[in-house]
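Survey of secondary and tertiary structure
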Amino acid sequence: SDDRSIRIWNPATGATVNSRANAHGTTGTYNLTCVRALPSGSIATASKFGDIRIWTPTLSSFSALGTHTGMVNVLELLSNGLLVSGGVDTFAVVWNTTSLTQKNKFKAVGGTSVTCIKELNDGAVVFGGNSPTLFTYRLNYITDTQISIHNGTNFLATGELPCQDMNLY
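Note that this is a predicted model, so its numbers are computed, not measured.

**What about the nonpolar core?**
Judged by nonpolar contacts, the single largest core of 14 residues is most densely connected at Val84, Ala92, Phe106, Ala108, Val114, Ile117 and Phe127. Those elements that provide at least two residues to this core are strand E9 (91-96), strand E11 (114-119), strand E12 (125-129) and strand E13 (131-140). When neighbours within four sequence positions are excluded, alanine 92 is seen to be in contact with Val84, Ser85, Gly86, Asn104, Lys105, Phe106, Ala108, Val114 and Phe127. Judged by nonpolar contacts, the second largest core, of twelve residues, contains Leu38, Ile52, Leu65 and Trp95.

**Regarding the environment of lysine 48**
By secondary structure assignment, the location of lysine 48 is in the loop between strand E4 (43-47) and strand E5 (51-55). Of the residues examined, lysine 48 reaches a relative accessible area of 36% and is grouped as partly exposed. For lysine 48 and asparagine 73, which are 25 residues apart along the polypeptide, the C-alpha to C-alpha distance reads 8.2 Å.

**Considerations on the pattern of salt bridges**
Taken as a whole and judged by the stated rule, the model has three salt bridges. Across the pair glutamate 76 and arginine 36 runs a salt bridge, and its minimum N-O distance is 3.4 Å. Taken together, the residues glutamate 76 in strand E7 (residues 72-77) and arginine 36 in strand E3 (residues 32-37) connect sequence positions 40 residues apart. Exposure remark for glutamate 76: the relative accessible area of 14% places this residue in the buried category. Classification of arginine 36 by relative accessible area gives partly exposed; the value is 29%. A salt bridge links aspartate 51 to arginine 53, with the shortest nitrogen-to-oxygen separation between them at 3.3 Å.

So, how was this worked out
Residues numbered from 1 in each chain as written. Predicted model: local features only at pLDDT ≥ 70, side-chain atom pairs only at ≥ 80, totals over all residues. Heavy atoms only, no water. Core = buried A, V, L, I, M, F, W, Y, C linked by side-chain atoms within 4.5 Å. Buried < 20%, exposed > 50% of the residue type's maximum accessible area, 1.4 Å probe, protein only. Helix = DSSP H or I, 4+ residues; strand = E, 2+ residues; numbered from the N terminus. Contact = heavy atoms within 4.5 Å. Salt bridge = Lys/Arg side-chain N within 4 Å of Asp/Glu carboxyl O.

Remember that the coordinates give geometry; whether it matters functionally is a separate question.
What follows is the structure, given as structure tokens:
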């Protein structure tokens, strides 16, 4: 949240089960921007500063994955368990959260901020940003490369593409 904390809630009672204050630091630039639950029970978080952390399920400790050079806008978990982050630095980064390694880093949306990442049923990954273009890639996890499948320019007239408007399934 903007108060730099992570909170785990009990949905039945609304009570906080666990929390961590100043999860990414103590200044305003470390406000959290994204959170994603991982299959292992761990929690991935990202901040305005650009860093990404993997927290234990109890929030008692974390491992640093790495950083973007600006705010992280989105974290998306792929069906194969890899995590993809997108940021204002125009990059998408594919992470292995088990080995805590970066698998791939590439300019996903032609030099614009990455604001949305969606995996399609066929395994292709679509990236949206603050431009009217969607970029679709097939990621090769063996060679850590990507192949552009389609770059569409007629999806939006102007403006940023928010994730909730990206109904591609």
